[in-house]
Amino acid sequence: MPQTMLNLSTRGQGLYEFTDQAEAFVRASGQTEGLLTVFVRHTSCSLLIQENADPDVQTDLLSFFRRLVPPASDPSMGWVVHRDEGPDDMPAHIKAALTQVSIGIPVSRGRLMLGTWQGIYLFEHRDRPHRREIVLHLGN
């Protein structure tokens, strides 16, 4: 079964679309039907399928998650114990726990069955740049 690893470099918190790379992997596999499993190998980022037409959607998602889980330096986060890697570390783990690290996408006629305005995103929860590994696996 076809499998590959993508390496994405991030510039800090944000959504990083990689739909094109996933589609290219499916095309190159030659497989016409199946399920693409997308898995990120980290605990401080996650994966989303989200609208890719209006950038305001990304802005609003980032704002929502910042309000939901502020940095550990915020007075409301005084209960946080894990602070080894800075004030964005534990909040990043919480955000990843609230979202997902694995997504399954059906493949039909050699194409991802995403909706018209859907894209696949790495959702980076850390402030500083990181290099993230994403596994793509196409099964029957």
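Scroll up to find the structure this text is about.
Residues numbered from 1 in each chain as written. Predicted model: local features only at pLDDT ≥ 70, side-chain atom pairs only at ≥ 80, totals over all residues. Heavy atoms only, no water.

Visitor: Where do I start with a nonpolar patch on the surface in this structure?
Guide: A grouping of F64, L68 and L98 is seen on the molecular surface, where their side chains present a nonpolar patch of about 300 Å² in accessible area. Counting through the fold element by element, L68 comes out in helix 2 (residues 55-68). In this structure L68 comes out as partly exposed when scored by relative accessible area, which is 45%. (Patch = residues over 30% accessible without salt bridge, like charges linked within 9 Å, V, L, I, M, F, W, Y side chains within 5 Å. Areas by Shrake-Rupley, 256 points an atom, 1.4 Å probe, with all protein chains shown as cover. Salt bridge = Lys/Arg side-chain N within 4 Å of Asp/Glu carboxyl O. Helix = DSSP H or I, 4+ residues; strand = E, 2+ residues; numbered from the N terminus. Buried < 20%, exposed > 50% of the residue type's maximum accessible area, 1.4 Å probe, protein only.)

Visitor: Please clarify how the sheet that holds strand 6 (residues 111-112) should be interpreted in this entry.
Guide: Strand-to-strand pairing in sheets goes through backbone hydrogen bonds, with the strands running parallel or antiparallel. Judged by pairing direction, the sheet is antiparallel, and its five strands sit side by side in the order 1-8-3-5-6 without closing on themselves. For this open sheet the edge positions go to strand 1 (3-9) and strand 6, each flanked by a neighbour on one side alone. As defined by bridge partners, strand 5 (residues 102-108) adjoins strand 6 across two bridges and the pair is classed as antiparallel. Counted as the bridge partner of S108 is R111 from strand 6. With respect to the sheet, helix 1 (residues 19-29) is in contact with strand 1, strand 3 (34-40), strand 5, strand 6 and strand 8 (131-139), its orientation differing from that of strand 8 by roughly 35°. (Pairing = 2+ DSSP bridges. Contact = heavy atoms within 4.5 Å. Axes fitted to C-alpha atoms, helices over the stretch in contact; angles between N-to-C directions.)

Visitor: Any chance you could explain the packing of aromatic side chains here in plain terms?
Guide: One pass over the structure, following the stated rule, counts two aromatic pairs. Taken together, a centroid distance of 5.3 Å and an interplanar angle of 85° make the contact between F64 and F65 edge-to-face. Look at F64 and you get partly exposed, because its relative accessible area is 47%. Relative to F123, the ring of F65 has its centre 5.3 Å away and its plane inclined at 85°; by these criteria the two rings are edge-to-face. (Phe/Tyr/Trp six-rings, centres within 6.5 Å; stacked < 30°, edge-to-face > 60°.)

Visitor: How do you make sense of the side chain of T10 when you look at a structure like this?
Guide: With respect to the element layout, T10 can be found in the loop between strand 1 and strand 2 (14-17). Given a relative accessible area of 4%, T10 falls into the buried group. Here E124 takes part through its side chain, which lies 3.1 Å from a polar atom of the side chain of T10. Apart from the residues lying within four places of it in its own chain, the contact partners of T10 are Y16, L122, E124, R128, P129, H130 and R132. (Polar contact = N/O pair within 3.5 Å; in protein donor to acceptor, adjacent residues only side chain to side chain.)

Visitor: Any chance you could explain the environment of Y121 here in plain terms?
Guide: By secondary structure assignment, the location of Y121 is in strand 7 (residues 118-124). In this structure, the C-alpha to C-alpha distance between Y121 and T19, residues 102 residues apart in sequence, is 7.3 Å. Here E51 takes part through its backbone oxygen, which lies 3.4 Å from a polar atom of the side chain of Y121. A distance of 3.3 Å separates a polar atom in the side chain of Y121 from a polar atom in the side chain of Q58.

Visitor: Got a minute to help me understand the environment of Q50 in this structure?
Guide: Among the structural elements, Q50 can be located in strand 4 (residues 45-51). Residues Q50 and A22, 28 residues apart in the sequence, show an inter-C-alpha distance of 15 Å. Those residues within four positions of Q50 in sequence are excluded, and the remaining contacts are V57, L61, W117, Q118, G119 and Y121.

Visitor: What is the right way to look at the pattern of salt bridges in this model?
Guide: Note that side chains of opposite charge can pair when their charged atoms are close. Per the stated rule, a full pass over the model turns up five salt bridges. R41 is the salt-bridge partner of E133, the closest N and O atoms lying 2.6 Å from each other. Here E133 is found in strand 8, whereas its partner R41 is found in the loop between strand 3 and strand 4, with 92 residues between them in sequence. Given the relative accessible area of 27%, E133 is considered partly exposed. For R41, a relative accessible area of 45% puts it in the partly exposed group. Its salt-bridge partner being D88, residue R126 comes within 2.9 Å of it at the nearest N-O pair. One end of the pair, R126, is in the loop between strand 7 and strand 8; the other, D88, is in the loop between helix 2 and helix 3 (89-98), with 38 residues separating them in the sequence. The same class applies to R126 as to D88, namely buried. Several salt bridges share partner residues, and in doing so they unite E85, D88, D89 and R126 into one network.

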